[in-house]
Amino acid sequence: MKIMVGIVDYGMGNLLSVRHALESLGADTAILADPEELADADRLVLPGVGAFAEGIRRLRETGLADALGKAVKGRLVPILGICLGMQLMARRGFEGGVHDGLGWFDGDVVRLPQESADVRLPHVGWNDVSPRTQSVLFRGLPACADFYFVHSYHLRCRDGRDVEAACEYGVSFAAAVRKDHVFATQFHPEKSQDHGLRVLENFLQWRP
């Protein structure tokens, strides 16, 4: 039986690319903008492109933040955050001021440091990602697989055990995080060709 994956629409996500990638793997998908519709999803995806402050504002004003809390923390629905979607899961974001996030990861979203002329922001392009040993969400991938990034901020976790994969760009930063049934990537799996599709397939098969 196919699982139904709800893609959360708060007006700041790359929805169609995410949907196409998931459906190419055989998933049934629905783009969900109504908070009540989240109750029907077996899996959730929280995509996002843009600024932290605007993203968290839209989630709260639409009622999606509360609905996500009920689904993810109440019913334990597995979720994948992508790019800004990952950052919004943090305790706080420091882009354009200080803003409270969803608080699912104990960490802050801060700007990538520019400590050399080789580090340009935003960080755009392909970089190698090193997952933790035996990560089920990176199963079937090489020890260093390349993924596509577009960002200037990153999630700095207080607990290193939350970091599922790391990337080097001037400094080492969290390319993916995981806690229980909550998984998120700073890179865009839907834009990362075969490696990205494998991560999405692993997410669909994941039994946290």
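Everything numeric in this text was worked out from a predicted model, so none of it was measured.

1. A word on the sheet that holds strand S9 (residues 145–151)
So, step 1. Taking strand neighbours across the sheet as the criterion, the 9 strands line up as S2-S1-S3-S4-S13-S12-S11-S8-S9 in an open arrangement whose pairing is mixed. With one partner strand each, in any of the chains shown, strand S2 (28–32) and S9 form the two edges of the open sheet. Taking the axes of each pair of neighbouring strands and ignoring which way they run, one obtains an average angle of 30° across the sheet.
So, step 2. In this structure, strand S3 (residues 43–46) lies alongside strand S4 (residues 79–82), joined through 3 bridges in parallel fashion. Its bridge partner being in S4, leucine 44 is matched across the sheet by isoleucine 79.

2. Some details on the side chain of histidine 123
So, step 1. Checked against the element boundaries, histidine 123 lands in strand S8 (residues 123–131).
So, step 2. A polar contact is formed between the side chain of histidine 123 and the side chain of asparagine 127, at a distance of 2.6 Å.
So, step 3. Other than its neighbours up to four places away in sequence, histidine 123 contacts Leu112, Phe149, Val150, His151, Tyr169 and Phe173.

3. Observations regarding unusual backbone geometry
So, step 1. Here leucine 121 and proline 122 are connected by a cis peptide whose omega angle stands at 0°.
So, step 2. On the secondary structure map, proline 122 appears in the loop between strand S7 (105–111) and S8.
So, step 3. Its identity is not glycine, yet glutamine 193 carries a phi of approximately 55°, on the positive side.
So, step 4. Tracing the sequence through the fold places glutamine 193 in helix H5 (residues 193–205).
So, step 5. Under the relative-accessibility criterion, glutamine 193 is labelled exposed at 57%.

4. Points about the environment of leucine 112
So, step 1. Within the element layout of this structure, leucine 112 appears in the loop between S7 and S8.
So, step 2. The buried category is assigned to leucine 112, whose relative accessible area is 2%.
So, step 3. Residues leucine 112 and proline 122, spaced 10 residues apart in sequence, show a C-alpha to C-alpha distance of 8.8 Å.
So, step 4. Residue contacts for leucine 112: discarding those within four places in its chain leaves Leu121, His123, His151, Ser152, Tyr153, His154, Tyr169, Val171 and Phe173.

5. Re the sheet that holds strand S10 (residues 153–157)
So, step 1. One open sheet accounts for 4 strands, arranged S6-S5-S7-S10; its pairing is mixed. Two strands lie at the open edges of the sheet, namely strand S6 (99–100) and S10, each paired on one side alone.
So, step 2. One ladder, built from 5 bridges, connects S7 with S10; its direction is antiparallel. Each residue of the ladder has a partner; that of arginine 111, found in S10, is tyrosine 153.

6. Some points on the layout of surface pockets
So, step 1. Roughly 180 Å³ of internal volume is contained in the largest pocket.
So, step 2. Elements with a contribution of two residues or more to the lining of the largest pocket: helix H4 (84–87) and S9.
So, step 3. Tallied by class, the residues present in the lining of the largest pocket amount to 6 nonpolar, 5 polar and 2 charged.

7. Description of the nonpolar core
For soluble globular proteins, the rule of thumb is that nonpolar side chains tend to be buried together.
So, step 1. Core analysis: the largest hydrophobic core is formed by 37 residues, its most contacted members being Leu44 and Leu59.
So, step 2. The dominant element in this core, judged by the number of residues it contributes, is helix H3 (residues 64–74), at 6 residues.
So, step 3. When near neighbours in sequence (up to four residues on either side) are disregarded, leucine 59 contacts Tyr10, Leu46, Leu64, Ala65, Leu68, Leu88 and Leu102.
So, step 4. Grouped together as the second largest cluster of nonpolar side chains are 34 residues, Ile7, Leu22, Val129 and Phe149 included.

8. Concerning the pattern of salt bridges
So, step 1. Taken as a whole and judged by the stated rule, the model has 13 salt bridges.
So, step 2. Linking arginine 178 and glutamate 164 is a salt bridge whose minimum nitrogen-to-oxygen distance equals 3.0 Å. One end of the pair, arginine 178, is in strand S12 (residues 171–179); the other, glutamate 164, is in strand S11 (residues 163–169), with 14 residues separating them in the sequence.
So, step 3. Linked through salt bridges whose partners overlap, the residues forming this network are Arg91, Arg92, Asp106, Asp108 and Arg158.

Each value, and the rule that gives it
For every chain, the first residue of its written sequence is number 1, and the numbers climb from 1 along that sequence. Given that this is a predicted model, residues contribute local features only at a pLDDT of at least 70 and side-chain atom pairs are listed and counted only at 80 or more, while totals for whole chains, interfaces and linings are drawn from all residues. Only heavy atoms go into the side-chain values, all of them from the structure, while hydrogens and water stay out. Being paired, for any two strands, means DSSP has found at least two bridges between them. For helices the rule is a DSSP run of H or I covering at least 4 residues; for strands it is a run of E covering at least 2, with both sets numbered from the N terminus onward. Interaxial angles span 0 to 180 degrees and are taken between N-to-C directions of axes, which are lines fitted to C-alpha atoms, for helices over the stretch in contact. Here a polar contact is taken to be a pair of N or O atoms separated by no more than 3.5 Å, where protein atoms must pair a possible hydrogen donor with a possible acceptor and residues adjacent in sequence count only if both atoms sit in side chains. Contacts were defined at the residue level, with two residues in contact if any of their heavy atoms lie within 4.5 Å. Residue exposure (1.4 Å probe, protein chains only): buried if accessible area is under 20% of the type maximum, exposed if over 50%, otherwise partly exposed. Detection works on a 1 Å grid of protein atoms alone, calling trapped sets that fit a 1.4 Å probe cavities and calling open sets with protein on both sides within 12 Å along at least five of seven lines pockets, with lining residues defined by an atom within 4 Å of a point. Grid points are joined across faces, edges and corners, and a volume is the space filled by probe spheres set on the points. Polar here means any residue outside two lists: the nonpolar Ala, Val, Leu, Ile, Met, Phe, Trp, Tyr, Cys and Pro, and the charged Asp, Glu, Lys and Arg; Gly therefore counts as polar. Grouping buried Ala, Val, Leu, Ile, Met, Phe, Trp, Tyr and Cys residues that are joined through side-chain atoms within 4.5 Å yields what is termed a nonpolar core. A pair is scored as a salt bridge if a Lys or Arg side-chain nitrogen falls within 4 Å of a carboxyl oxygen belonging to Asp or Glu.

Without other data, these values stay purely geometric and don't point to any function.
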